[in-house]
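Secondary and tertiary structure notes
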Amino acid sequence: MAGVHRQPGSKRGLAREMRILALETSCDDTCAAVVEGERILSNLVSSQAAFHESYGGVVPEVASRHHLELVNAVVAAALDRAGTELAEVDAVAVTQGPGLIGALLVGLSTAKALAAAHEKSLIPIDHLHGHVAANFLEPEPLEPPFLCLIASGGHTLLAGVRDHRGFEILGQTLDDAAGEAFDKGARLLGLGYPGGPAIQAAAEDGDPEAFDFPVAMTRDPGLDLSFSGLKTALVYKVRELGPKRAEQARADLAASFQRAIVDQLVAKIGRALDQGDWPALALGGGVAANAELRERARELCEQRGLRLKLVPLELCTDNAAMIASAALHTEAIPHPDYLGFDAFETDRQALRAS
Ligand code: KG4
Ligand code: ZN
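Residues numbered from 1 in each chain as written. Chains lettered and ligands numbered in written order. Predicted model: local features only at pLDDT ≥ 70, side-chain atom pairs only at ≥ 80, totals over all residues. Heavy atoms only, no water.

1. Looking at the packing of helix α5 (residues 178-188) against helix α7 (residues 228-248)
The test is simple: In this analysis, axes come from line fits to C-alpha atoms, helices being fitted only over the stretch in contact, and the angle between any two N-to-C directions falls in the range 0 to 180 degrees. Comment: elements are numbered from the N terminus, with helices defined as DSSP H or I runs of at least four residues and strands as E runs of at least two. Working definition: roughly parallel below 35 degrees, roughly antiparallel above 145 degrees, roughly perpendicular at 65 to 115 degrees, and oblique for all remaining angles. A contact between two residues is defined here by any heavy atoms of the two lying within 4.5 Å. Under the grouping applied here, Gly and all other residues not named as nonpolar or charged are polar, the nonpolar ones being Ala, Val, Leu, Ile, Met, Phe, Trp, Tyr, Cys and Pro and the charged ones Asp, Glu, Lys and Arg.
Viewed as axis vectors pointing N to C, α5 and α7 meet at an angle of 5°, and their least axial separation amounts to 10 Å. Taken together, the axes of α5 and α7 are roughly parallel relative to one another. Note on element contacts: α7 touches α5 through K231, L234 and V235, opposite K184, G185 and L188. Residue composition of the contact of α5 with α7, by class: three nonpolar, one polar and two charged.

2. Let's talk about the coordination of the zinc ion (ligand 2)
How we decide: Any N, O or S atom lying within 2.8 Å of the metal counts as a donor, and for Na, K and Ca the limit rises to 3.2 Å; water is left out, so some sites can look incomplete. Four donors are marked tetrahedral only if all angles between them lie between 85 and 135 degrees, whereas four are marked square planar and six octahedral if opposite donors are more than 155 degrees apart and the other angles lie between 65 and 115; the remainder are marked irregular.
At 2.0 to 2.1 Å from the zinc ion (ligand 2) lie its protein donor atoms, namely H127 (NE2), H131 (NE2) and D318 (OD). Taken together, the four donor atoms coordinating the zinc ion (ligand 2) and their angles of 95 to 147° define a geometry best described as irregular.

3. So, the site of ligand 1
We apply this condition: Whether a residue is near a molecule or strand depends on its heavy atoms: it is near if one of them lies within 4 Å of it. Here a polar contact is recorded for every N or O atom pair within 3.5 Å, except that within protein the pair must consist of a potential hydrogen donor and a potential acceptor, and residues adjacent in sequence are included only if both atoms are side-chain atoms. Working definition of accessibility: Shrake-Rupley area with a 1.4 Å probe, residue cover restricted to the visible protein chains.
Near ligand 1 there are 21 residues, and of these G153, D183, G196, Q200 and D318 occur at the shortest range. At 3.4 Å from an oxygen atom of ligand 1 is found a main-chain nitrogen or oxygen belonging to G154. Within the side chain of N290, an N or O atom sits 3.0 Å from a nitrogen atom of ligand 1. Coverage of ligand 1 by the protein amounts to 89% of the 560 Å² it exposes when considered alone. Looking at the shell around ligand 1, the elements that each hand over two or more residues are α4 (127-133), α5 and α6 (195-203). Top element by residues in the shell around ligand 1 is α6. It accounts for four residues. Taken together, the residues that form the shell around ligand 1 break down as six nonpolar, 13 polar and two charged.

4. Quick notes on the environment of C316
Threshold: Burial classes follow relative accessibility: with a 1.4 Å probe on protein chains only, a residue under 20% of its type's maximum area counts as buried, one over 50% as exposed, and anything between as partly exposed.
Residue position: C316 is located in helix α10 (residues 313-316). The class for C316 is buried, based on a relative accessible area of 0%. Sequence spacing of C316 and H335 is 19 residues, and the spatial spacing of their C-alpha atoms is 32 Å. Apart from residues lying up to four places away in sequence, C316 is in contact with H131, G285, G286, A288, A289, R294 and V311.

5. Regarding the pairing of strand β3 (residues 29-36)
Our working definition: We treat two strands as partners when DSSP finds at least two bridges between them.
When you tally the buried positions in β3, you get eight out of eight residues, the bulk of the element. Sheet analysis places strand β2 (residues 19-24) next to β3, joined by six bridges and oriented antiparallel. In the strand pairing of β3, R19 is matched with E36. Taking the residues between adjacent antiparallel strands as the criterion, β2 and β3 are bridged by four residues. Pairing between β3 and strand β4 (residues 39-47): eight bridges, direction antiparallel. Paired with A32 across the bridge in β4 is L44. The antiparallel hairpin formed by β3 and β4 contains two residues in its connecting segment, where G37 sits at a positive phi of about 60°.

6. Some thoughts on the side chain of T84
With respect to the helices and strands, the residue T84 is situated in the loop between α2 (60-81) and β5 (91-97). Of the residues examined, T84 reaches a relative accessible area of 8% and is grouped as buried. Within the structure, T84 has its side chain in polar contact with the side chain of R19 (distance 2.8 Å). Residues contacting T84, with those up to four places away along its chain left out, are R19, V34, L79 and V89.

7. A few points about the packing of α2 against helix α3 (residues 101-117)
To keep it simple, the criterion reads: Note: crossing handedness is left-handed where the near helix turns anticlockwise from the far helix by less than a right angle, and right-handed where it turns clockwise.
In contact at an axis separation of 9 Å, α2 and α3 are set at 30° when each is read in the N-to-C sense. One way to sum up the angle between α2 and α3 is to call them roughly parallel. Both α2 and α3 take part in a crossing whose hand is right-handed. Two secondary-structure elements touch here, α2 through S64, H67, L68, V71, N72 and V75 and α3 through G102, A103, V106, T110 and L114. Tallied by class, residues from the contact of α2 with α3 come to six nonpolar, five polar and no charged.

8. Description of the nonpolar core
Stated precisely, the cut-off is as follows: Nonpolar core, defined: a set of buried Ala, Val, Leu, Ile, Met, Phe, Trp, Tyr and Cys residues in which side-chain atoms within 4.5 Å join the residues together.
Membership of the largest hydrophobic core comes to 85 residues, with the highest contact counts inside it found for F146, L253, I261, L265 and I269. Per-element tally for this core: the top contributor is helix α8 (residues 250-275), with 12 residues. Residues within four places of F146 in sequence aside, it is in contact with V132, N135, F136, A159, G160, V161, W278, A280 and A282. V74, V94, A111 and I333 belong to the second largest nonpolar core, which has 25 residues in total.

9. Brief notes about the sheet that holds β5
An order of β4-β3-β2-β5-β6 is seen for the five strands of this open sheet, with the pairing classed as mixed. In this open sheet, the two edge strands, each paired with only one partner strand, are β4 and β6 (121-126). Ignoring which end each strand starts from, the neighbouring axes of this sheet average 20° apart. Sheet strands in contact with α3 are β2, β5 and β6, and its direction is about 160° off that of β5.

Put into C-alpha cells, the structure is as follows:
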C-alpha cells in the first residue's frame, strides 16, 4: 500500500535557524528537546521501560500516567540543559500521532499550554516524519533524496524521501512491526523488555544458522513486509523443544530469529534500491539501533557505492530532537488556532489530519 505523507504549505529553508522546543510522548518514553536549525542543544529521554518490563510490554494507561508525572520535569530539564527559557524559543513542536492516544494527549496538552502561555506557534508533527527527520540533524545531516527504512515497535516501512517535508510509503508491513517481532520473540524466550536489545545481546553467543526460521515476503515481488509468521514459527519451535532445551538453545534461537528479521529487512531494502535511483540509504526507528542490521546495511551500501546514513543510537529510538527537526520543515500554527487540535492514533488518521 503506497501513500504520501506530506505537510501542506510548509516551505523548505524558511525556518531553518528557528529554535524549537519539542515534546514526544507517543509511546513509553517521555521526551523533550531543544533544537536550533540542525544543531541539538538538548535531547532528554525519560524511559519508562522499567515500569513496563514486569508486564512484558507497554501498558497504555501506565504510560499515560507516567507521562503526566514526568513531562513537566523533562521539559524543564531540556530547557535548562540547552541554556534557554521558554520565552526564548520560537515555537513549540509536539508529536500529534500516531501512537497511544492517552500518551499522545499528555504531550499535546502540555505543548499547547506551554505555547499558549507565551502566545507562541505550535507545530504538530507526524511521529514517522520525525523518524525520517532524525537524518537531517547534526552530525553530518543527510540531504534528500534518499531511501529510508523506518523500523520501530509500531511501524515498519520503506520511505522514499524526496524533500524535507514528508515521505512516500513504498512498502510496509502487512501485520506486525519488526520491533514488535523482537519484543514478542524476547518475551517467548524469557528475555525481558524491550526485546530488541535483549535479543541482540543474547544473539552474541548464538549461532544464527542453528535454526532455519522463515524469511517472509522475499519471493513476493513488492516492497511489503510481514513478521507475524516468523513469530508463530518461534512459538512452534519453542514448544517443540520444550522448556529445558529451549532454554539451553536460547542464544541460538535469538541469533537465528534476529537473522530472519534482518534478512527480510535487507532483502526489501535491496529490492527498493533496485527499483529506484536512490543515492543514499538511511535507517530510522528503534530497530535501526540493531548492530546486525547496521552492519548488513553497511555491506549493502558498500557493494552498491551508496552513501549510508546511520544516526547515533539515541536518535534511532524515540526522542524529541527528531520531532523538532521535522518541525523545521512543517507549517507552524499561530496562537490560538491550535487550541482545539486533537491527537490521532493511527496512520489513516494521520493522512486525514495532514
Ligand atoms: O522507535 P522506537 O523507540 O519506538 C516506536 O516508535 O515504536 O522503537 C522501539 C522498538 C522496540 O520494539 C525495541 O525492541 C526496538 O525498537 N529496538 C531494537 C533495538 N533497540 C530497540 N530492536 C532491535 N535491536 C535493537 N538494538
Ligand atoms: Zn518511534
